[in-house]
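# Observations on chain architecture
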Amino acid sequence: MVRAAPLVKVENLTIKYHTPEGEITALQDISFGVMPGEFISIVGPSGCGKSTLLNALAGLLKPASGKITIMDQPVKGPTPLVGYMPQSDQLFGWRTIYKNVLLGLEVQNKLTPETKAYAKNLLEKYGLKDFMQARPNQLSGGMRQRVALIRTLAINPEILLLDEAFSALDYQTRLIVADEVKQIINEEHKTAILVTHDIAEAISMADRVMVLTRRPGRIKNIHPIELTCSVRTPIKCREAPEFRYYFNLIWKELDIHVA
Amino acid sequence: MSPERSFPGISPDHLRYLNEQKAYKNKVLLFQILLLVASIAFWEVATRLHWIDPFIFSSPSRVVHTLLSMHHQGNLYYHIGITLYETTAGFILGTIIGTVIAVILWWSDFLAKVLDPYLVVLNSLPKIALGPIIIVWFGAGATAIIVVALLISVIVTILGVYNGFAQVDPDKVKLLKTFGATRLQVLQKVILPASIPTIIAALKINVGLSWVGVIVGEFLVSRAGLGYLIVYGGQVFRLDLVMTSVIILSIAAALMYQGVVYLEKLFTR
Ligand SMILES: Nc1ncnc2c1ncn2[C@@H]1O[C@H](COP(=O)(O)OP(=O)(O)OP(=O)(O)O)[C@@H](O)[C@H]1O
Ligand SMILES: [Mg+2]
């Protein structure tokens, strides 16, 4: 197998926020690469800069120093190569499911018969055909999250950014949705970066887990995850014998103190 | 399906509950009608028996008589029409102009910051006080009255709609930005559609404010309309005319409000 070049390259990235109260260094000297098709989870203490990192990858923030390249193009602003999935589904109640899915294409002036067919096909493929004309409030939380993912996939991005994308769901739904999302991402051959507070979720979904330090966020470690499980779905992977080991390792690294 | 269910999916218990609800609603409606009938009857009896003076309190039969004579003279519809036109123009213009200014303020944070103290002052100022100035500027006619009505509602609309824009979930805006949306697209695709309920709420408030503006405007201009009839009737001591106009006014205002409620149902499903 030929060793491919990284899809995403982050080099010495430092990001600061300026407020009247002062300057906050959110991220300091972050460097890593993401291979095509890879799934990376990011965990770290609250406020360590995880969302900041995703915002920078999405082109919404200017770095203080360092650079980000995606497919050898420097990131200067939002690009169609990147699809962002917010914390709660953020479906628009005034649009039908189908129109919600077309939102990104509409904004990017890419509504053509082909792109519409692609979006429609995604909805059909992932069991939402009968709900195309429904409104978001007629769907369950899990289905809404699936629609949100398809809305992101409809612009056909190379890389997906998920910022605590399942945290608004109840525990059972969350497990199922994580399974579905992982399966869809695999099937569509996408690369993904997931930010989460849930260590088990991070391990069960990812090829590698990145642990960030307290603010200013630096990379503490990046752990390749090797789990032996017959079916590689997040729920099944939680039963792998190595799971505990990774969990304890990352738990210790997060250095969480319960006062 | 179990045999005791007469309708599929509705149990006898639920049926009883539904019937009780319906009976209760009917009872409320019945008492509402009774209250109205009793008040009118009492008003009529009290004036007939001279418990109160029919000359200054008028009476239902005198109101009906006035209504009929105005109907025959034909000027009833002229005055109602004028007032309806001024009110409708006032609240529609107030809502549209207010929303447009709110959009401009949303667009330019700088302008919003600069204008903030002026809006606060204008908001607390009783706009009616500007009535005489408006009449001098726009002439004593329908235009001045519409401007007074508009002025009363426009500042409230600007503040309400602008705050509504600010309350749109920032994550929705962020989502659009990740798609590379321009500011205009953010406005079109998120801010405005998400604010439809806020704009309709403003419209609802403006209907009431516009009535106030128009009636006061007509008091001042004294040319035509229900407000004019009320002032004129008061001046020449024709309380029948005053009462008749007030009753027409309350019916018209209630109907117009219901119209906006209907509009709300149409737009916010
Ligand atoms: N717009 C902003 N202006 C100023 N400071 C900010 C801004 N956004 C974030 N910060 C600060 O930067 C730091 C990193 O924020 P960020 O949202 O990236 O953290 P996070 O790791 O995603 O946290 P959480 O786990 O709570 O989601 C925090 O201390 C936060 O207070
Ligand atoms: Mg965050």
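As the structure is a computational prediction, the values presented were derived from the model and not from experiment.

### Details of the site of ligand 1
Residues and elements named next belong to chain A. As a structural note, the neighbourhood of ligand 1 is formed by 14 residues, with Lys50, Ser51, Thr52, His197 and Arg215 the closest of them. The separation between an oxygen atom of ligand 1 and a polar side-chain atom of Ser46 is 3.0 Å. Contact between ligand 1 and Lys50: an oxygen atom at 2.7 Å from a side-chain N or O atom of the residue. Calculation on ligand 1 without its partners gives an accessible area of 630 Å², and the protein chains cover 65% of this total. Those elements giving two or more residues to the shell around ligand 1 turn out to be strand S1 (8-19), strand S2 (22-34) and helix H1 (50-57). In terms of residue class, the shell around ligand 1 is built from 4 nonpolar, 7 polar and 3 charged.

### Considerations on the interface of chain B and chain A
Across the contact, 16 residues belong to chain B and 20 residues belong to chain A. Between chain B and chain A the total buried area reaches about 1,700 Å² when both faces are included, carbon and sulfur atoms providing 66% of it. Joining chain B to chain A, the criterion identifies 1 salt bridge. Here Glu106 of chain A makes a salt bridge to Lys189 of chain B, at a shortest N to O gap of 2.9 Å. Applying the counting criterion to the chain B and chain A interface returns 7 residue pairs in polar contact (both at pLDDT 80 or more). Among the elements of the structure, helix H8 (170-178) and helix H9 (183-194) of chain B are those that each provide at least two residues to the side of chain B that touches chain A. At 7 residues, the largest contribution of residues to the side of chain B that touches chain A is made by H8 of chain B. Taken together, the residues of the side of chain B that touches chain A sort by class into 7 nonpolar, 3 polar and 6 charged.

### Examining the sheet that holds strand S4 (residues 65-70) of chain A
All names here are of chain A. Within the open sheet, the 4 strands sit side by side as S2-S1-S4-S5. Their pairing is antiparallel. Whereas interior strands pair on both sides, the edge strands pair on one side only; in this sheet they are S2 and strand S5 (73-74). Pairing of S1 with S4, which is carried by 5 bridges, proceeds in the antiparallel orientation. Opposite Thr14, over in S4, you have Ser65 as the bridge partner. Contacts between H1 and the sheet are confined to S1, S2 and S4, with S1 contributing the most and set at about 115 degrees to the helix.

### Some thoughts on a nonpolar patch on the surface
Residues and elements named next belong to chain B. Where nonpolar side chains cluster on the molecular surface, the patch consists of Ile92, Ile96, Val100, Ile104, Phe110, Leu111, Val114, Leu115 and Tyr118 and spans about 820 Å² of accessible area. Residue assignment for the nonpolar patch shows that the elements contributing at least two residues are helix H4 (75-107) and helix H5 (109-124). Ranked by residue count, the leading element in the nonpolar patch is H5, at 5 residues. Tracing the sequence through the fold places Phe110 in helix H5.

### Quick word on the packing of helix H6 (residues 131-138) of chain B against helix H7 (residues 142-166) of chain B
All names here are of chain B. At a closest axis distance of 9 Å, the pairing of H6 and H7 adopts a crossing angle of 140 degrees. In this view, H6 runs oblique relative to H7, as classed from their interaxial angle. The handedness of the crossing between H6 and H7 comes out as right-handed. Every residue of H7 that contacts H6 at Gly131, Ile134, Ile135 and Phe138 is listed here: Thr143, Ala144, Val147, Val148 and Leu151.

### A look at the pattern of salt bridges
Pairs may arise between side chains of opposite charge once their charged atoms sit close together. This structure, assessed with the given rule, holds 15 salt bridges over all chains. Here Asp109 of chain B ties to Lys113 of chain B by a salt bridge, and the two come within 3.2 Å at their closest N and O atoms. Placement of the pair is Asp109 of chain B and Lys113 of chain B together in helix H5, with a separation of 4 residues, close to one helical turn. With relative accessibility at 45%, the residue Asp109 of chain B sits in the partly exposed group. Within this structure, Arg95 and Glu106 of chain A together with Lys189 of chain B form a network of salt bridges that share partners.

### A word on the nonpolar core
Residues and elements named next belong to chain A. In this structure, Leu162, Phe166 and Ile203 are the most contacted members of the largest nonpolar core, which totals 74 residues. Sort the elements by how many residues they give to this core and helix H5 (residues 141-153) lands first, with 6 residues. Beyond its immediate chain neighbours, meaning those up to four positions away, Ile203 contacts Val209, Ile225, Leu227, Phe243, Tyr246, Phe247 and Ile250. One finds Val10, Ile30, Ala56 and Val75 within the second-largest nonpolar core, a separate group that totals 29 residues.

### Describing the side chain of Lys172 of chain B
Tracing the chain through its elements places Lys172 of chain B in helix H8. Beyond its immediate stretch of four places on either side in the chain, Lys172 of chain B contacts Gln90, Leu91 and Phe92 of chain A together with Val190 of chain B.

### Here we look at helix H4 (residues 113-125) of chain A
Think of an α-helix as turning once every 3.6 residues; residues three or four places apart then point the same way. Residues and elements named next belong to chain A. The end-to-end C-alpha separation of H4 is 18 Å, in line with the 18 Å expected for 13 residues at 1.5 Å each. Of the positions making up H4, those classed as buried are Thr115, Ala119, Leu122 and Leu123. Take H4 and look down its axis: the buried residues cluster within an arc of 100 degrees, on one side only. The exposed set on the far side of H4, more than 90 degrees from its buried face, consists of Pro113 and Glu114. Where H4 is buried, its residues meet helix H2 (97-101), helix H3 (103-107) and H5. Once H4 ends, the next one or two residues include Gly127, with phi positive near 70 degrees.

### A few points about the pairing of S2 of chain A
Residue and element names in this part refer to chain A. The pairing of S1 with S2 spans 9 bridges and is classified as antiparallel. Looking at the pairing, Leu13 lines up with Ile30 of S2. Hairpin connection between S1 and S2: a loop of 2 residues separates the two successive antiparallel strands.

### Regarding the domain arrangement of chain B
Each assigned domain of chain B is listed with its residue range as follows: domain 1 (3-52) and domain 2 (66-268). Relative to domain 2 of chain B, the C-alpha centre of domain 1 of chain B lies at a distance of 35 Å.

### Some remarks on unusual backbone geometry
For the bond running from Arg215 of chain A to Pro216 of chain A, omega is -5 degrees, close enough to zero to count as cis. One non-glycine residue, Ser58 of chain B, lies in positive phi territory at about 55 degrees. Inspection of the secondary structure puts Ser58 of chain B in the loop between helix H2 (54-57) and helix H3 (60-73). A positive phi is found at Phe237 of chain B, a non-glycine position, where the angle reads about 60 degrees. Mapped onto the elements, Phe237 of chain B comes out in the loop between helix H11 (226-235) and helix H12 (239-267).

What counts and how
Residue numbers run consecutively from 1 along every chain, following the written order of its sequence. Each chain gets a letter, beginning with A, and each ligand a number, beginning with 1, in the order they are written. The predicted origin of the model limits local features to residues at a pLDDT of at least 70 and limits the giving and counting of side-chain atom pairs to 80 or more, whereas totals for whole chains, interfaces and linings rest on all residues. Note that the side-chain values use all heavy atoms of the structure and ignore hydrogens as well as water. We call a residue near a given molecule or strand whenever any one of its heavy atoms falls within 4 Å of it. Between N or O atoms, a polar contact is any pair within 3.5 Å; within protein, one atom must be a potential hydrogen donor and the other a potential acceptor, and residues adjacent in sequence are included only when both atoms are from side chains. With residues, only the protein chains shown are counted as cover, and all accessible areas are computed by Shrake-Rupley using a 1.4 Å probe. Numbering of helices and strands runs from the N terminus; a helix is a DSSP stretch of H or I covering at least four residues, while a strand is a stretch of E covering at least two. Residues were grouped as follows: Ala, Val, Leu, Ile, Met, Phe, Trp, Tyr, Cys and Pro as nonpolar; Asp, Glu, Lys and Arg as charged; and all remaining residues, including Gly, as polar. Note on contacts: a residue pair is in contact if any heavy atoms of the two residues lie within 4.5 Å. Note on definitions: buried area is the accessible-area loss of two parts on being combined, 1.4 Å probe, summed for both. Definition used for salt bridges: Asp or Glu carboxyl oxygen within 4 Å of a side-chain nitrogen of Lys or Arg. In short, DSSP must find at least two bridges between two strands for them to pair. For helices, the fitted line uses only the C-alpha atoms of the stretch in contact; every axis is such a line through C-alpha atoms, and the angle between N-to-C directions lies from 0 to 180 degrees. Think of a patch as exposed residues, more than 30% relative accessible area, with no salt bridge, where like charges cluster within 9 Å and nonpolar side chains (Val, Leu, Ile, Met, Phe, Trp, Tyr) cluster within 5 Å. When describing relative orientation, an angle under 35 degrees is termed roughly parallel and one over 145 degrees roughly antiparallel, while 65 to 115 degrees is termed roughly perpendicular and anything else oblique. By convention, the crossing between two helices is left-handed when the near helix turns anticlockwise from the far helix through less than a right angle, and right-handed when the turn is clockwise. Each residue is placed in one exposure class: buried if its accessible area under a 1.4 Å probe, protein chains only, is under 20% of its type's maximum, exposed if it is over 50%, and partly exposed if it falls in between. Here the nonpolar core consists of buried residues drawn from Ala, Val, Leu, Ile, Met, Phe, Trp, Tyr and Cys, with membership extended through side-chain atoms lying within 4.5 Å. The span you would expect from a helix comes to 1.5 Å times its residue count less one. Directions from the helix axis toward the C-beta atoms define the arc. Annotation comment: domain bounds sourced from an automatic or database domain assignment.

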